[in-house]
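Chain by chain, the residues:
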Amino acid sequence: MALLLGIAACSSSETGGSAAAPMMPNNANADASGSGAAKQGSPPAPGQQQGQQANAPVQERKLVQTARVDLLVKDPFEAISRARSVATGTGGFTGQEDSSGDRASITLQIPADRFDSAIEQLLQLGKPTAQHKQATDVTEQVVDLDARLATQRASVDRMRALLGKAQSVGEIAQIESELTKRESDLESLQGRRDALGTKVALSTVTLQVVKESSPAAAPVEARGGFIDGLDDGWTAFGDFWRVATTVLGALLPFLVVVAIPAGLIFHFRRKRMFSR
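For the chain, the name recorded in an unreviewed UniProt entry is DUF4349 domain-containing protein, with Kibdelosporangium banguiense as its organism.

Novice: Help me out: how do you make sense of helix 6 (residues 115-123) in this one?
Specialist: A turn of α-helix holds 3.6 residues, and therefore any two residues three or four places apart point the same way. For helix 6, the full list of buried residues reads Phe 115, Ala 118, Ile 119 and Leu 122. Here the buried residues of helix 6 occupy an arc of 100° about the axis, which is enough to place them on one side. Those residues of helix 6 that are buried lie in contact with strand 1 (63-73), helix 5 (76-89), strand 3 (103-111), strand 4 (127-137) and strand 5 (202-211).

Novice: Help me understand the UniProt feature "transmembrane region" (unreviewed entry) in the chain in this model?
Specialist: On the UniProt side, "transmembrane region" (unreviewed entry) is annotated at positions that read residues 247-268 here. Overall, residues 247-268 shows 100% helix and 0% strand. The separation of its end C-alpha atoms is 32 Å.

Novice: Would you mind showing me how to read helix 5 here?
Specialist: Compared with the 20 Å implied by 1.5 Å per residue over 14 residues, the 20 Å span of helix 5 between its first and last C-alpha is a close match. Summarising the contacts, the buried residues of helix 5 are in contact with strand 1, strand 2 (93-100), strand 3, helix 6 and strand 5. Backbone geometry just after helix 5 places Gly 91 at a positive phi near 90°.

Novice: Is there a simple way to think about the pattern of salt bridges in this case?
Specialist: Opposite charge on two side chains permits pairing when their charged atoms draw close. For the structure on display, the rule yields 10 salt bridges. For Asp 185, the salt bridge goes to Lys 181, with nearest N and O atoms at 3.5 Å. With a gap of four residues between them, Asp 185 and Lys 181 both fall in helix 8 (residues 169-201), about one helical turn apart. Asp 239 is paired through a salt bridge with Arg 242; the nearest N and O atoms lie 2.3 Å apart. Linking Asp 239 with Arg 242, this pair stays in helix 9 (residues 226-275), spanning three residues, or about one helical turn. The class of Asp 239 is partly exposed, set by a relative accessible area of 34%.

Thresholds applied
- Residues numbered from 1 in each chain as written.
- Predicted model: local features only at pLDDT ≥ 70, side-chain atom pairs only at ≥ 80, totals over all residues.
- Heavy atoms only, no water.
- Buried < 20%, exposed > 50% of the residue type's maximum accessible area, 1.4 Å probe, protein only.
- Helix = DSSP H or I, 4+ residues; strand = E, 2+ residues; numbered from the N terminus.
- Arc of directions from axis to C-beta.
- Contact = heavy atoms within 4.5 Å.
- UniProt positions renumbered as here; feature names shortened; annotations may be inferred.
- Expected span 1.5 Å × (residues − 1).
- Salt bridge = Lys/Arg side-chain N within 4 Å of Asp/Glu carboxyl O.

This is the structure in structure tokens:
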């Protein structure tokens, strides 16, 4: 009975802890493990903690950075190859790649502290036509998940302690069921925290390259005068004569085939007329 009352007390305390979890400070993990409990003292008031988060230095903020760079290049495949070298050179790696004709794109994962340096190197691969950078502040989400993880770990530890004191089969079954549920919630929270931490640690850069088109032909200078007109006339006459002879050459075989029978018919008809 004492163990069952303990489970009920843990459940009620977890309900209150979950509601207050988003307001716990960053050092909640240290409080849960017990390593820093003596140094931290009592937690700050909710209003005081919100003020601390709002006044946190810029370098301590958790940012998810993304960027897109569009370039005109002479050789798209060479540019993509050099972009891979930029990613690996900064300690990152490459993601999805697409290529179609004179276009190609690649997704790069760059360490957050080398984000600006990598973009500067990518801009040197060709002629920039578009550039877009974005940073999303996820500091409050990180603080909230860390606090909820600390609370959930403490909850799992308490249930394991109760399981060690259980004596009857009914008590063990009930505690194990509750422990499994809380461990599942802990794994889910840990997965969300890891995914968010990866987004903060690695910035995403999408590079799109397009092959430069051939240079436009130089404009023709205006011409005028008798000599220029005569030259244009001879050029036009030559073009006409060339077209006429081409057409005649194409029709000549047909004319020969038609002319021979027509000539014979005309000859015999004329001979018959004179014979009468």
